[in-house]
Amino acid sequence: MQTQIHGNEMHGTEAALELLKQWGSNTPAAKKLRKNVTVVVIPRLNVDGGELDQRQNDMTWDEVVADFPQLASASPSWNYNSRVGGFDINRDFHPNLDYVPAAEDFPGDSADTGWYITPEAQTSRDVYRSLEQEFGTVDYFVDLHNQWSCYATDDMESMSPLSISAKFIDNPAEFGSWPKFDMDASKRANVAVYEALQKRGKSSYGNLTLYPQSTNLPGTALGSYQLRGSAAILFETSSQTQYDGMKRNGMLTKMVETGLGGLVDAVADGSVNSLDTGVYDAIPTRVTLPSDGPGV
């Protein structure tokens, strides 16, 4: 799992760090869990963006060309923000971990794969590849994000504190042959998150929604790693840490912690494999606001 690929999306980092304390402790439960599952966390992947309180990293197109001279004739990639001088890292992924940037693939667009031109995406890829080499397949990949405030009901009376999703690719065959792609595995993993939060009873924790299922983003880490066979799980907490008070930030962080903990527990005891994908399909889709901003 990785957190804060967008520098100004912070809830997942706090949740993951708290869980690492629990999973790494000497309690009987933690010791038992570690015998059954290996958890690897990259917290705050986009350190530059975190320090600058922005979505993008801190990198210019000239720096990319210096690293990849073959791109000297190419236009800057579509995910480059010249105003802030940085890239949306979560558009810089490719299912082929050995892909080498080529000028003819630029500037690209949101419906296509990325290039691994940023050091942050390269780091994520290198960790992922090392896990593939050790285990064969990375069974689950979790990416933790924030989104704008959203609603769980069409009448906009009930706020949704968290959206989740298993859907990032429309047609796997569009990007070659990826026989390990398993949408049902992704759905079951998301159901594990959903059910862990439903167990909290009649509270706002239960008002989960699905992130829009029209999403097709092969250039994201979620999309690229899902093509390679990972069950993919997106967390999108509703609202940003910058404009929420301590109480709401604490609640949203605890939601992520609860959902992630439920997922890892279900993987560790094998119960995730028997979960019903129909539960996923029945989760209400997030109600989009007119002012809705970027998410994944």
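Preceding this section is the structure that the text describes.
1. Quick notes on the pattern of salt bridges
Considering all chains together, one arrives at 12 salt bridges under this definition. Put simply, R228 and E132 hold a salt bridge, and the shortest N to O gap is 2.9 Å. One end of the pair, R228, is in the loop between α7 (221-227) and β9 (231-238); the other, E132, is in helix α5 (residues 119-135), with 96 residues separating them in the sequence. E132 shares its class with R228; the two are buried.

2. Notes on the packing of aromatic side chains
Applying the stated criterion across every chain yields a total of eight aromatic pairs. Measuring from centroid to centroid gives 4.9 Å for F141 and Y225, while their planes differ by 90 degrees, and the two rings are edge-to-face. Highlighted residues: F141 in strand β4 (residues 140-147) and Y225 in helix α7, separated in sequence by 84 residues. For the pair F141 and Y225, a shared accessibility class is recorded, and that class is buried. Taken together through their ring pairs, the aromatic side chains of W61, Y80, F87, F106 and W115 make up a single cluster. Positioned above the aromatic ring of Y116, the side-chain terminus of R125 is 4.9 Å from the ring centre.

3. Some remarks on the pairing of β9
Counting buried positions along β9 gives eight out of eight residues, so the element sits mostly inside the fold. As paired elements, strand β7 (residues 162-165) and β9 share four bridges and run antiparallel to each other. Note on β9: the bridge partner recorded for L162 is T237.

4. Quick look at the side chain of D92
As for its position among the elements, D92 is in the loop between β3 (86-87) and α5. No salt bridge is formed by the buried D92; the nearest opposite charge belongs to R125, separated by 8.3 Å. A polar contact is formed between the side chain of D92 and the backbone nitrogen of W115, at a distance of 3.3 Å. Other than its neighbours up to four places away in sequence, D92 contacts N79, G114, W115, Y116, I117, T118, A121 and G219.

5. Side note on the sheet that holds strand β1 (residues 2-3)
Strand order across the open sheet formed by five strands is β1-β4-β9-β7-β8, with mixed pairing between neighbours. Both edges of this open sheet fall to β1 and β8 (209-210), since each of them pairs with a single strand only. Across two bridges, β1 lies against β4 in parallel orientation. Bridging across to β4, T3 finds its partner in L144.

6. With respect to the pairing of β4
β4 sits mainly inside the fold: seven of its eight residues count as buried. With eight bridges connecting them, β4 and β9 associate as parallel partners. Bridged to Y140 within β9 is A231.

7. Details of the nonpolar core
Counting 39 residues, the largest nonpolar core has V142, I164, F235, M255 and L260 as the members making the most contacts within it. Mapped by element, the contributors of at least two residues to this core are α1 (11-23), β4, β7, α6 (183-198), β9 and α8 (246-269). Of the residues forming this core, the biggest block, nine residues, is contributed by α8. Contacts of F235, omitting those with residues within four sequence positions, involve V142, D143, L144, H145, L162, S163, V193, V256, G259 and L260. With 21 residues, the next largest nonpolar core counts Y116, F141, Y211 and L234 among its residues.

Rules behind the numbers
Throughout this document, residue positions are counted from 1 along each chain, in the order its sequence is written. Per-residue local features of the predicted model are confined to residues with pLDDT of at least 70, and side-chain atom pairs are confined, for both listing and counting, to 80 or more; whole-chain, interface and lining totals are unaffected and use all residues. The basis for every side-chain value is the complete set of heavy atoms in the structure, and neither hydrogens nor water enter the calculation. Salt bridge, as applied in this entry: a Lys or Arg side-chain nitrogen positioned within 4 Å of an Asp or Glu carboxyl oxygen. Helix numbering and strand numbering both begin at the N terminus, where a helix is a DSSP run of H or I of at least 4 residues and a strand a DSSP run of E of at least 2. Between buried and exposed lies partly exposed: a residue is buried under 20% and exposed over 50% of the maximum accessible area for its type, with that area taken using a 1.4 Å probe on protein chains only. When two rings of Phe, Tyr or Trp (its six-membered ring) have centres within 6.5 Å they constitute a pair, described as stacked for plane angles under 30 degrees, edge-to-face for angles over 60, and tilted for the intermediate range. A positively charged side chain is recorded as over a ring if its NZ (Lys) or CZ (Arg) lies within 6 Å of the ring centre. The angle to the ring normal must also be within 35 degrees. Paired strands, in this sense, are two strands between which DSSP finds at least two bridges. Charged-residue counts in this description rest on Lys and Arg as positive and Asp and Glu as negative, His and the chain ends being excluded. Side-chain atoms alone can form a polar contact between residues adjacent in sequence; in general such a contact is a pair of N or O atoms within 3.5 Å, and within protein one must be able to donate a hydrogen while the other accepts it. Any two residues having at least one pair of non-hydrogen atoms within 4.5 Å are treated as being in contact. Nine residue types can take part in a nonpolar core, namely buried Ala, Val, Leu, Ile, Met, Phe, Trp, Tyr and Cys, and a core is a set of them joined through side-chain atoms within 4.5 Å.

Taken by themselves, the reported measurements are silent on function.
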